[in-house]
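Analysis of the macromolecular model
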Amino acid sequence: MSTSDAPSTDPFTAPAAPAAREAADRDAAPQYVLPLVVRIERSAPPGPPARTDALQTAARAVLVMLSDERATDPGGDWHRAVRDWQDGRIRKVVRRARGAEWRRACALPGVTVTGGGEHPAEVRVFPPVPLDGWPRDLARLQVSGTELEDPVPPAAPEPGTPVLWLNPGLEMSAGKAMAQAGHGAQLAWLALDGAARAAWRAAGFPLAVRTAPHERWERLTESGLPVVRDAGFTEIAPGSATVVAEHPALPVRQGGGD
């Protein structure tokens, strides 16, 4: 993956990813964070969203941000912030909002993505901000309190659907898992070629987030598919593999996956 600052000719290419940079270079760069806010009202309607839908909606929100012309166009309002964010550690933080908090968050530049089902999630994604420079209306929001449940177990993904597989051996809060699903979606996006990105975007970024079967997890991590390894800032140990991103357009190493 390129780390050049030169504009890409591919309209579905986000600003250059930091995968080829040395960790020290990324740490030395100014640090930015991608804020995501999930709407969690106290009671119905709409009430809290289903956990799996919240994870999926957060992942789709990240993809919407990465593919937005305001981020991909070198002259776009968000291009520099997204580029600078990806030049450092790619951090995402999920906070919750309700009522007036949600309305204030929606007044800030960003994109709201809505999930599906009987308990759909609403997640708003904002352009990256400096690690210590959050807008006041986002900085005051709580990180805790994003515990969510699935009313019924999620169904098996439809064949051909990109799947973000969660590590079955880790326990994560919904907010943490939303951020990790967003990381997985981002790694999948960066690993795809322009045609596959364009097709995924045109389809509305269909995807599923599921916990991997225990017996399959090790094979998934050895499959050559993108693997999210957490930096260990919160909840889990540094270097833990949290998500494997499986997309039909990504090759699987012989003996990996299924």
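This write-up is about the structure you can find in this document. Only a predicted model underlies this, so the values are computations on that prediction, with no experimental measurement involved.

Procedures and definitions
Residues numbered from 1 in each chain as written. Predicted model: local features only at pLDDT ≥ 70, side-chain atom pairs only at ≥ 80, totals over all residues. Heavy atoms only, no water. Core = buried A, V, L, I, M, F, W, Y, C linked by side-chain atoms within 4.5 Å. Buried < 20%, exposed > 50% of the residue type's maximum accessible area, 1.4 Å probe, protein only. Contact = heavy atoms within 4.5 Å. Pairing = 2+ DSSP bridges. Helix = DSSP H or I, 4+ residues; strand = E, 2+ residues; numbered from the N terminus. Axes fitted to C-alpha atoms, helices over the stretch in contact; angles between N-to-C directions. 1 Å grid on protein atoms, 1.4 Å probe; cavity = no way out; pocket = protein on both sides within 12 Å on 5 of 7 lines; lining within 4 Å. Points joined across faces, edges and corners; volume = space filled by probe spheres on them. Nonpolar A, V, L, I, M, F, W, Y, C, P; charged D, E, K, R; others polar.

For the rest of this paragraph, the subject is the nonpolar core. In terms of nonpolar packing, the biggest core is built from 58 residues, with Leu36, Leu164, Met178 and Trp200 touching the most fellow members. Residues within four places of Trp200 in sequence aside, it is in contact with Leu63, Pro162, Ala185, Ala188, Trp189, Leu192, Phe205, Pro206, Leu207 and His247. Counting ten residues, the second largest nonpolar core, distinct from the first, contains Val37, Trp102, Trp134 and Leu141.

This part takes up the sheet that holds strand E8 (residues 227-229). Pairing in this open sheet of four strands is mixed, and the strands run E7-E6-E9-E8 from one edge to the other. Looking at strand neighbours, the two that pair on one side only are strand E7 (208-211) and E8, the edges of this open sheet. Put simply, the sheet's adjacent strands are angled 20° from each other on average, direction ignored. Note: strand E6 (residues 163-166) against E7, four bridges, orientation parallel. Each bridged residue has a counterpart across the sheet, and for Val163 the counterpart in E7 is Ala208. Its contacts with the sheet put helix H2 (residues 51-67) on E6 and E7, and the angle it makes with E7 is roughly 130°. Strands E6, E7, E8 and strand E9 (241-246) of the sheet are contacted by helix H7 (residues 174-191), whose axis makes an angle of about 40° with E9.

Turning our attention to the environment of Ala177. Its place among the elements puts Ala177 in helix H7. Since its relative accessible area comes to 1%, Ala177 is described here as buried. When the C-alpha positions of Ala177 and Arg51 are compared, they lie 9.4 Å apart, and in sequence the two are 126 residues distant. Sequence-distant contacts of Ala177, that is, excluding residues within four places in its chain, are made with Arg51, Leu55 and Met172.

Below, the discussion takes up the layout of surface pockets. Within this model, the second largest pocket holds a volume of roughly 330 Å³. Lining of the second largest pocket is provided by 15 residues; of these, Ala50, Asp53, Gly116, Gly117 and Val152 occupy positions nearest its centre. Broken down by element, the lining of the second largest pocket gets its largest block of residues, three residues, from H2. Partitioned by chemical class, the residues of the lining of the second largest pocket number six nonpolar, five polar and four charged.

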